[in-house]
Amino acid sequence: MTIHTSLFPSISICTCFLLTSCWTLAFSPTYKSCPTLLYHHQNVQLGRNPSKKQSSALHHSVSSSTPTAKYPTERGSEVDSRKIIAGGAGRDHLTAVRLKHIVFASQELADESLALLRSARTGFDDLAVQISSCIETRDKGGEIGWVSVYEEGSENEHLDLILPRDARLQVLGSTTKPGDVVMATSERGYHLVQIADVMVDVRKMAVTKPRKKKKETVETDDESKGILGGALIAEQEGIEFKKDLIYKIETMGCQMNIADSERMEGQLQSLGIRPFDEVKDQGRKVDLVVLNTCSIRDHAEQKVYSYIGPYAKRKREGEDVTIVVAGCVAQQEGEALLRRAPEVDLVMGPQYANRLGDLLEDVSNGNQVVATEASHIMEDSTKPRRSSSVAAWVNVIYGCNERCTYCIVPTTRGVEQSRPVESIVQEVTELVSQGYKEVTLLGQNIDAYGRDMIPKRKFSDLLRTVGAIPGLKRLRFVTSHPRYMSLGVIDAVAETPTACLNFHIPPQSGSNEILEAMGRGHTREKFLQIVQRIRDRLPDAAITADIIVGFPGETNEQFEETLQLMEEVKFDSVNTAAYSPRPNTPAALWDNQVEDDVKQERLQRINRLNLQHAAKRRARMLGRVEEILVEERNVKVPTQVMGRTTHGYIVYFDGDIDELRGKLVNVRIDVCQTYYLAGEMVGFVEDDNSLDPKE
């Protein structure tokens, strides 16, 4: 899998949608950056207006050629995924839900247990085993199994003695969203019922368009559906597919895209298709290519068409190659992408990353497929192919309900959908059992975790629960939004030994007027209160950020306020970006755009200050012995290995990667550079479980 963010290890999901001119090469845990959130706002216009010529060029750059967003984007629009999906194709094609339940004799006990589940102090499965009065499901953690959403038939009659029909109707009438826990009553007592997962017919949700067949084509055996069809048939029938098929995935953008690509690779490998090997397959053409796109930059769509050009040429010349465009540009463009590039076989939004195999089945049947409808996120049916054997990403919340005026993310990744606590714990537990030492929890707006659930949950509780999983050595998360980040999250990090001393909290600007225009929903003062709380509780913690310069209407005085904020905080690193207009965002159409030369001058100034602060923050490490988790070889110096401190600082030192990969070691820091440290290994960490770097 080719990851284009390798040049930009600090890419943030929050800032990623508009970075254009410059990325500051900041630290970030194994290319773990940050998501952030977005809060919408009225069309506030500040500062001077551009010339008519400049304004015309701006409107042309965000012209109406981009389709209207399918997800709600206006301030005040609906952000409850239950209502969006219940009223759309998602509910129409929802076929079943997987349920668990706990049965109580009294409502009082059920209410007390619901409060316990809300705090994440215990899992649903464990509680069911301990106190459920349902003998049939108690020893299975309350597992009922898959239940059809169509109660008018007799498909669920076998469940009547476990979860009677009236209780099922109560549950299905209130929610079908994974993670929700609701109460239902029946002659058996009081049921706490959890929606553990959903089953959606994604093929019916997708738009399919039959391809025109070439008259001269002679079809034989599996060739009637192409080599991809042969692989799918073999997988379905459980037989060996003898042809050696290879795929290639190109990944652009933030770590959420990288995580999505890992999930898609898992799907492809389950079909018997292997990844392209640059040495073994030199000179070989790939059979399937996936471009996982990012819509953050200017002309993102044009870059997609340019990339798929060589593969489209192969298809026009009659070669059997499958072309998939996934990610944010795919969601943004939808069917328009097929009109522009008719050689593309599949266009799929991020919410379908773990259903690639299902959608490829329609492709193998001779169709072009577009899958961009809103849908509840289903749990993975296959295991992701992780790009690291030491550190892994785990999604905890998808989408974003905020409406920052510059941000395209809500239109491409949809509304917030938190995963069930139990699913997250299970995934992390499995990763630890496979030898992973570090996990980074991912979300566009991670502090919003659980606010979309019934009952609501807290991210701070999730941190404590995941951090307590036996065998896990390090826990990170990205990204925090100043509007939502609670002091409880800081306390949870301070009180959880595995939680790393690393906070990514983007202010985006130091000016209250610009923050209001951005629709961020927080002030400079609120941000500084969060920073002070971190400094009080965790004085050695690293704080990183994202900042945008040249936002529409930004004056010199307002830019100076941003520099002053940086001086007050002294960030360990900042991802910096000059504002660029993106489709379907209010700020792109404002008439007070800042001229490019002004943006660039401000960008240069903020980068110089950023470098000064980054160097100063790392200089304090000189002479210290730090605990390092070894991840990979230093690609520039093969005799060295690369690891990170709990703060996220990259550290290089001499060592054998085959011996040290995944190990926690002590390194004395002898060299402090702006964005990396170097030193000498002085020993292994003797007792990983008892070591807490905060003490």
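Starting afresh in each chain, residues are numbered from 1 along the sequence in its written order. Only residues with pLDDT of at least 70 get local features here, since the model is predicted, and only at 80 or more are side-chain atom pairs given and counted; chain-wide, interface and lining totals rely on the full set of residues. Side-chain measures here rest on the full set of heavy atoms in the structure, leaving out hydrogens and waters.

> Any chance you could break down the packing of aromatic side chains for me, citing the residues and the numbers?
Stacked, tilted and edge-to-face pairs are distinguished by plane angle, under 30 degrees for stacked and over 60 for edge-to-face with tilted covering the rest, among Phe, Tyr and Trp rings (Trp via its six-membered ring) whose centres lie within 6.5 Å. Within the structure shown, the criterion is met by eight aromatic pairs. Taken together, a centroid distance of 6.2 Å and an interplanar angle of 85° make the contact between F477 and F503 edge-to-face. With a gap of 26 residues between them, F477 in strand β16 (residues 474-478) and F503 in strand β17 (residues 502-504) connect regions that are remote in the sequence. Linked through ring pairs, Y406, F551, Y579 and W590 together constitute an aromatic cluster. The cationic tip of K248 hangs over the ring face of F276; the distance from NZ or CZ to the ring centre is 5.7 Å. Note on conventions: DSSP H or I runs of at least 4 residues are helices, E runs of at least 2 residues are strands, and numbering of each starts at the N terminus. Either the NZ atom of lysine or the CZ atom of arginine qualifies as a charge over a ring when it sits within 6 Å of the ring centre and within 35 degrees of the ring normal.

> Lay out unusual backbone geometry with the relevant residues and their values.
Here the amide bond leading from I454 into P455 is cis, since omega sits at -10°, within 30 degrees of zero. Assignment of secondary structure puts P455 in the loop between β15 (438-443) and α17 (459-467). The peptide bond linking V478 to T479 adopts the cis configuration, its omega dihedral lying at -5°. Of note, the phi angle at A120 is positive, near 65°, even though the residue is not glycine. Looking at where A120 falls in the secondary structure, it is placed in the loop between α4 (107-118) and α5 (124-131). In this scheme, a residue with accessible area under 20% of its type's maximum is buried, one over 50% is exposed, and one in between is partly exposed, where area comes from a 1.4 Å probe on protein chains only. Residue A120 is classed as buried on the basis of its relative accessible area, which comes to 10%. For K570, which is not glycine, the phi torsion reads 55° and is therefore positive. Mapped onto the secondary structure, K570 falls in the loop between α21 (556-569) and β19 (573-578).

> Hey, could you go over the pairing of strand β24 (residues 677-684) for me, with residue numbers and the actual values?
Taken residue by residue, a regular strand's side chains alternate between the two faces of the sheet. Should DSSP find at least two bridges between two strands, the strands are regarded as paired. Where strand β22 (residues 650-654) and β24 come together, three bridges link them in parallel fashion. Looking across to β24, one finds that V651 is bridged to L677. In this structure, strand β23 (residues 664-672) lies alongside β24, joined through seven bridges in antiparallel fashion. Across the sheet, residue V665 finds its bridge partner in β24, namely F684. Taking the residues that link successive antiparallel strands as the turn, the β23-β24 hairpin has four residues.

> Could you give an account of the environment of L356, with specific residues and numbers?
With respect to the element layout, L356 can be found in helix α14 (residues 356-364). Considered as a pair, L356 and V324 are 32 residues apart in the sequence and their alpha carbons are 9.4 Å apart. The criterion used for residue contact is that any of the two residues' heavy atoms lie within 4.5 Å. Leaving out residues up to four positions away in the same chain, L356 has contacts with M264, Q267, L268, V324, L346 and M348.

> For the pattern of salt bridges, give the residues involved together with the corresponding values.
When a carboxyl oxygen of Asp or Glu lies within 4 Å of a side-chain nitrogen of Lys or Arg, that pair is called a salt bridge. If you walk through the whole model with that rule in mind, you get 51 salt bridges. Between D160 and R168 there is a salt bridge, with the nearest N and O atoms lying 2.9 Å from each other. For D160, a relative accessible area of 30% translates into the label partly exposed. Among the salt bridges present, the one from R419 reaches E427, with a minimum N-O distance of 2.7 Å. Each member of the pair, R419 together with E427, is buried. Counted as one network, the salt bridges with shared partners bring together D540, D572, R617, R620, R624 and E626.

> Give me the sheet that holds strand β13 (residues 391-398): which residues, what numbers.
Pairing is mixed in the open sheet, where four strands are placed in the order β14-β13-β15-β16. In the strand order of this sheet, the two ends are held by β14 (417-418) and β16, each with one partner. Axis geometry follows a simple rule: fit a line to the C-alpha atoms, using only the stretch in contact for helices, then measure angles between N-to-C directions, giving values from 0 to 180 degrees. This element, helix α10 (residues 255-270), spans β13, β15 and β16 of the sheet and lies at about 105° to β13. Against the sheet, helix α16 (residues 421-433) contacts β13 and β15, and its axis sits at roughly 175° relative to β13.

> A description of α5 should follow, citing residues and the corresponding values.
Listed as buried for α5 are F124, L127 and A128. Taken down its axis, α5 places every buried residue within 105° of arc, on the same side. Think of the arc as the fan of directions from the helix axis to the C-beta atoms.

> I'd like to hear about the packing of α10 against α14, residue by residue, with values.
Two quantities define a packed helix pair, namely the angle between the helix axes and the distance between the axes. α14 packs onto α10 with a crossing angle of 55° between their chain directions and a minimal axis gap of 9 Å. Taken as axis vectors, α10 and α14 run oblique relative to one another. Here α10 contributes M264, Q267 and L268 to the contact with α14, which in turn contributes L356, G357 and L360. Put simply, Ala, Val, Leu, Ile, Met, Phe, Trp, Tyr, Cys and Pro go in the nonpolar bin, Asp, Glu, Lys and Arg in the charged bin, and everything else, Gly too, in the polar bin. Its residues assigned to classes, the contact of α10 with α14 shows four nonpolar, two polar and no charged. An angle below 35 degrees is read as roughly parallel, one above 145 as roughly antiparallel, one from 65 to 115 as roughly perpendicular, and any other as oblique.

> Pulling in residues and values, what's your account of the sheet that holds strand β5 (residues 189-200)?
Here we have four strands laid out as an open sheet, ordered β3-β2-β5-β4, and antiparallel in their pairing. Each having just a single partner strand, β3 (143-148) and β4 (181-186) make up the two edges of the open sheet. Neighbour to neighbour, the strand axes of the sheet diverge by 35° on average, direction disregarded. Along the sheet, α5 contacts β2 (94-104), β4 and β5; its crossing angle with β2, the most-contacted strand, is approximately 40°. Across the face of the sheet, helix α7 (residues 165-174) comes into contact with β2, β3, β4 and β5 while running at roughly 150° to β4.

> Can you lay out the pairing of β13 for me, pointing to particular residues and giving the numbers?
With eight of eight residues buried, β13 is to be regarded as a mostly interior element. Bridge analysis of β13 against β15 gives six bridges, and the strand direction is parallel. Each bridged residue has a counterpart across the sheet, and for I397 the counterpart in β15 is G443. Strand direction decides the pairing type here: β13 and β14, joined by two bridges, are antiparallel. For I397, the partnering residue across the bridge sits in β14 and is S418.

> Can you explain the nonpolar core? Please cite residues and give values.
Grouped together as the largest cluster of nonpolar side chains are 55 residues, with contacts concentrated most on L441 and F503. Excluding its chain neighbours within four sequence positions, the residues that come into contact with F503 are F477, M485, I490, V493, I534, L538, A541, A542, I543 and T544. Nonpolar core, defined: a set of buried Ala, Val, Leu, Ile, Met, Phe, Trp, Tyr and Cys residues in which side-chain atoms within 4.5 Å join the residues together. One finds V103, C134, A353 and M378 within the second-largest nonpolar core, a separate group that totals 45 residues.

> Before we move on, could you go through the confidence of the model for the protein and cite the residues and values that matter?
Of all residues in the protein, 82% attain a pLDDT of 70 or more, and the chain-wide mean is 85. Below pLDDT 50 for its whole length, residues 4-11 participates in 34 contacts with residues either more than four positions away or in separate chains. A score from 0 to 100, pLDDT tells how confident the predictor is in each residue. Throughout residues 15-64 the model reports pLDDT below 50, and contacts reaching past four residues in sequence, or to other chains, amount to 226 contacts.

> Give me the environment of T639: which residues, what numbers.
Checked against the element boundaries, T639 lands in the loop between β20 (625-633) and β21 (640-644). By relative accessible area, T639 is classed as exposed at 54%. Residues T639 and F653, 14 residues apart in the sequence, show an inter-C-alpha distance of 8.5 Å. Apart from the residues lying within four places of it in its own chain, the contact partners of T639 are D654 and G655.

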